[in-house]
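If you want the building blocks of each chain, they are given just below.
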Amino acid sequence: RGHGPGLVLHSYCGSVDMVQAFAKLNCYFSFSASIIHIPKHAAALRAVPEDRLLLETDAPDQLPRSLRGGVSPQGEEVHADEDGLLNV
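Residues numbered from 1 in each chain as written. Predicted model: local features only at pLDDT ≥ 70, side-chain atom pairs only at ≥ 80, totals over all residues. Heavy atoms only, no water.

Draft legend 1. Molecular detail of the overall build of the chain. Secondary structure assignment for the chain yields two helices and five strands. Counting from the amino terminus, helix and strand elements in the chain follow one another as β-α-β-α-β-β-β. When burial is assessed residue by residue, the chain has 30% of its 88 residues classed as buried. In the chain, the proportion of contacts linking residues at least 24 apart, taken out of those at least 6 apart, comes to 42%. Approximately 6100 Å² of the chain is accessible, and the part contributed by carbon and sulfur atoms is 57%. (Helix = DSSP H or I, 4+ residues; strand = E, 2+ residues; numbered from the N terminus. Buried < 20%, exposed > 50% of the residue type's maximum accessible area, 1.4 Å probe, protein only. Contact = heavy atoms within 4.5 Å. Areas by Shrake-Rupley, 256 points an atom, 1.4 Å probe, with all protein chains shown as cover.)

Shown next as structure tokens:
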């Protein structure tokens, strides 16, 4: 009944080739906003079976390029580095 033990591949950024192998091991996948600007990540997302996909809710540090930089809610200047990590 239900699902057996599994793993969450949080903010998956691996290859599309590994998706099916991980899914067979009862892995679940979540993705950051990097799927918008990194083709490898978007391809992996398309390969994940729908029943293995989880929502990523804690990745504001990986904003799309178009949303990088600005001011935080606390009024601090915010900029993202090359890897998409925020610097406050």
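Draft legend 2. Quick look at the side chain of Arg 52. Among the secondary structure elements, Arg 52 is positioned in the loop between helix 2 (39-47) and strand 3 (70-71). The charged side chain of Arg 52 is buried without a salt bridge, its nearest counter-charge being Asp 51 at 4.3 Å. A distance of 3.3 Å separates polar atoms of two side chains, one belonging to Arg 52 and the other to Tyr 28. (Lys, Arg positive; Asp, Glu negative; His and termini not counted. Salt bridge = Lys/Arg side-chain N within 4 Å of Asp/Glu carboxyl O. Polar contact = N/O pair within 3.5 Å; in protein donor to acceptor, adjacent residues only side chain to side chain.)

Draft legend 3. Quick peek at the environment of Pro 5. Residue position: Pro 5 is located in the segment before strand 1 (7-9). Pro 5 gets classed as exposed once you look at its relative accessible area, which sits at 80%. Taking the C-alpha atoms as reference points, Pro 5 and Leu 25, separated by 20 residues in sequence, lie 9.3 Å from one another.

Draft legend 4. Structural context of the nonpolar core. Grouped together as the largest cluster of nonpolar side chains are nine residues: Leu 9, Tyr 12, Val 19, Ala 23, Cys 27, Phe 29, Phe 31, Ala 44 and Val 48. Of all the secondary structure elements, the ones that give two or more residues to this core are helix 1 (19-24) and strand 2 (27-29). Every residue in contact with Leu 9, bar those within four places of it in the chain, is listed here: Phe 22, Cys 27, Tyr 28, Phe 29 and Ser 30. (Core = buried A, V, L, I, M, F, W, Y, C linked by side-chain atoms within 4.5 Å.)

Draft legend 5. Fine view of unusual backbone geometry. Look at Ser 11: it is not a glycine, yet its phi comes out positive at around 55 degrees. Following the sequence through the fold, Ser 11 ends up in the loop between strand 1 and helix 1. Residue Ser 11 is classed as buried on the basis of its relative accessible area of 16%. One non-glycine residue with positive phi stands out, namely Asn 26, at about 65 degrees. Checked against the element boundaries, Asn 26 lands in the loop between helix 1 and strand 2.

Draft legend 6. Seen up close, the packing of aromatic side chains. Under the criterion given, the structure shown has three aromatic pairs. Aromatic pair Tyr 12 and Phe 22: ring centres 6.1 Å apart, planes at 80 degrees, arrangement edge-to-face. Linking Tyr 12 in the loop between strand 1 and helix 1 with Phe 22 in helix 1, this pair joins segments that are 10 residues apart in sequence. On the basis of relative accessibility, which here comes to 7%, the residue Tyr 12 falls in the buried class. Members of the aromatic cluster, connected to one another through ring pairs, are Tyr 12, Phe 22, Phe 29 and Phe 31. One Lys or Arg, Arg 52, reaches over the ring of Tyr 28 and ends 4.5 Å from the middle of that ring. (Phe/Tyr/Trp six-rings, centres within 6.5 Å; stacked < 30°, edge-to-face > 60°. Lys NZ or Arg CZ within 6 Å of the ring centre and 35° of its normal.)

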